[in-house]
Amino acid sequence: MADLVAVLRGDELLLLRQPDRGPAAPGGAVHNLGALPLADRPIDMEHALVLARGPAAVRAYRRALSRWELLTGAALFGLGSKALDIGVDYVMQRKAFGVLIGTFQTIQHRLADNAIALDGARLLAYGAAWAQDENLLTADTSASMAFLFAAETAFKTASEVLHFHGGYGYTLEYDIQLYFRRAKAWSLVAGDSRAAYARLAHRVFGAAQAHAPAPAPAPAERAG
């Protein structure tokens, strides 16, 4: 687990120095199917250092969170791409009814759809990285878009490839289960995706409505 944790409390950006904790102690690591080192940490002000206060602290925290979304979105794209490669290799070896299952149109179409979606995830990740490098006003929004779309695409790809494996896909002997579990777990670190989509929509369309011109007044009715 991390020895130092950055956390935003109100408008204070804190750096917490974590005391030694065993896995069974409060705040220790939580074992999970995604193999992620997750833990709940209480805010212990005795071991906290205030890095910044006010709007600057909030901006710094949000910028760090945006970069996490960008990097995790890029990682999820890579995860989904590898899951797709595993799927293509498997359907070109597995036979059913005497033929390769890769010759079935349903499987071909699903693999093609996933390949196209992953290409979109890649472009979103590249665009978000460019926006971060150029310090564009849309950088945070682009990072959220890249993360959410990559998370959705990677999980869909890994899930379908796992189903192509049949019952084998859930066993530890086949690597696709690793990608399936991580595709689900990595995105959940950010919380409920539905809430994240709602925040993104408010950020994009709320800003657009704020700058939209006021509607023209309705024409006055003629007197009868």
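Quick caveat: nothing in here was measured; it's all calculated off a predicted structure.

J.: I keep staring at the overall build of the chain and nothing clicks. Help me out?
T.: Along its length, the chain carries five helices and five strands. For the chain, the residues scored as buried account for 30% of the 224 residues in total. Working note: accessible area of the chain is about 14,300 Å², and carbon and sulfur atoms make up 60% of it.

J.: I'm lost on the side chain of Gln-177 in this one. Help?
T.: With respect to the element layout, Gln-177 can be found in helix H4 (residues 176-188). For Gln-177, the contacting residues outside a window of four places in its chain are Leu-162, Gly-169, Thr-171 and Leu-172.

J.: Teacher, can you tell me more about a nonpolar patch on the surface here?
T.: Side chains of Val-30, Leu-38 and Val-189 sit close together on the surface and give an oily, nonpolar patch of about 220 Å² of accessible area. By the secondary structure assignment, Val-189 is in the loop between H4 and helix H5 (193-210).

J.: What's the story with the environment of Ala-129 in this structure? I'm lost.
T.: By the element assignment, Ala-129 lies in helix H2 (residues 105-133). Since its relative accessible area comes to 28%, Ala-129 is described here as partly exposed. Sequence separation between Ala-129 and Arg-67 is 62 residues, and the spatial gap between their C-alpha atoms is 8.7 Å.

J.: Any chance you could explain the pairing of strand E1 (residues 4-9) here in plain terms?
T.: In summary, the side chains of a regular strand alternate between the two faces of the sheet. As paired elements, E1 and strand E2 (residues 12-17) share six bridges and run antiparallel to each other. Note on E2: the bridge partner recorded for Val-7 is Leu-14.

J.: What am I meant to see in the pattern of salt bridges here?
T.: Opposite charge on two side chains allows them to pair when their charged atoms are near. The tally for this structure, following the rule as stated, stands at six salt bridges. Among the ionic pairs, Glu-12 bridges to Arg-53, the shortest N-O distance being 2.8 Å. Taken together, the residues Glu-12 in strand E2 and Arg-53 in strand E3 (residues 48-53) connect sequence positions 41 residues apart. For Arg-53, a relative accessible area of 55% translates into the label exposed. One salt bridge connects Lys-156 with Glu-160, and the closest N-O pair in it is separated by 3.2 Å. Here Lys-156 pairs with Glu-160, and both are found in helix H3 (residues 139-164), just four residues apart, close to one helical turn. The class for Glu-160 is buried, based on a relative accessible area of 14%. One connected set of salt bridges, linked through shared partners, spans Arg-9, Glu-12 and Arg-53.

J.: Please clarify how the nonpolar core should be interpreted in this entry.
T.: Grouped burial of nonpolar side chains is what soluble globular proteins tend to show. Of all hydrophobic cores here, the largest spans 26 residues; its most connected members are Leu-76, Val-91, Ile-107, Leu-111 and Ile-176. Those elements that place two or more of their residues in this core are helix H1 (55-91), H2, H3, H4 and H5. Here this core gets nine residues from one element, more than from any other, and that element is H3. Discounting chain neighbours no more than four positions away, the residues touching Leu-111 are Leu-84, Val-88, Val-91 and Phe-164.

J.: Help me understand the environment of Ala-48 in this model?
T.: With respect to the helices, strands and loops of the structure, Ala-48 is situated in strand E3. Measuring from C-alpha to C-alpha, the distance between Ala-48 and Val-5 comes to 9.3 Å, with 43 residues separating the pair along the chain. Beyond its immediate stretch of four places on either side in the chain, Ala-48 contacts Leu-15 and Leu-16.

J.: For this particular structure, what's the right way to read H2?
T.: Since the α-helix turns once every 3.6 residues, residues separated by three or four places project in the same direction. Its 29 residues place the ends of H2 42 Å apart at the C-alpha level, agreeing with the 42 Å of an ideal helix rising 1.5 Å per residue. Residues Ile-107, Leu-111, Asn-114, Leu-118, Ala-121, Ala-125, Ala-128, Ala-131 and Gln-132 constitute the buried set of H2. If you follow the buried residues of H2, they end up packed against H1 and H3. Note on H2: the residue one or two positions beyond its end, Asn-135, has a positive phi of about 55°.

J.: What's the story with the packing of aromatic side chains in this structure? I'm lost.
T.: What characterises a pair of aromatic rings is the spacing of the ring centres plus the angle enclosed by the ring planes. Applying the stated rule across the entire model yields four aromatic pairs. Seen in terms of ring centroids, Tyr-90 and Tyr-174 are 6.3 Å apart; in terms of plane orientation they differ by 85°. Their pairing is edge-to-face. Placement of Tyr-90 in helix H1 and of Tyr-174 in the loop between H3 and H4 is noted, with a sequence separation of 84 residues between them. In this structure Tyr-174 comes out as partly exposed when scored by relative accessible area, which is 29%. Relative to Tyr-174, the ring of Tyr-168 has its centre 5.4 Å away and its plane inclined at 25°; by these criteria the two rings are stacked.

About the cut-offs
Residues numbered from 1 in each chain as written. Predicted model: local features only at pLDDT ≥ 70, side-chain atom pairs only at ≥ 80, totals over all residues. Heavy atoms only, no water. Helix = DSSP H or I, 4+ residues; strand = E, 2+ residues; numbered from the N terminus. Buried < 20%, exposed > 50% of the residue type's maximum accessible area, 1.4 Å probe, protein only. Areas by Shrake-Rupley, 256 points an atom, 1.4 Å probe, with all protein chains shown as cover. Contact = heavy atoms within 4.5 Å. Patch = residues over 30% accessible without salt bridge, like charges linked within 9 Å, V, L, I, M, F, W, Y side chains within 5 Å. Salt bridge = Lys/Arg side-chain N within 4 Å of Asp/Glu carboxyl O. Pairing = 2+ DSSP bridges. Core = buried A, V, L, I, M, F, W, Y, C linked by side-chain atoms within 4.5 Å. Expected span 1.5 Å × (residues − 1). Phe/Tyr/Trp six-rings, centres within 6.5 Å; stacked < 30°, edge-to-face > 60°.

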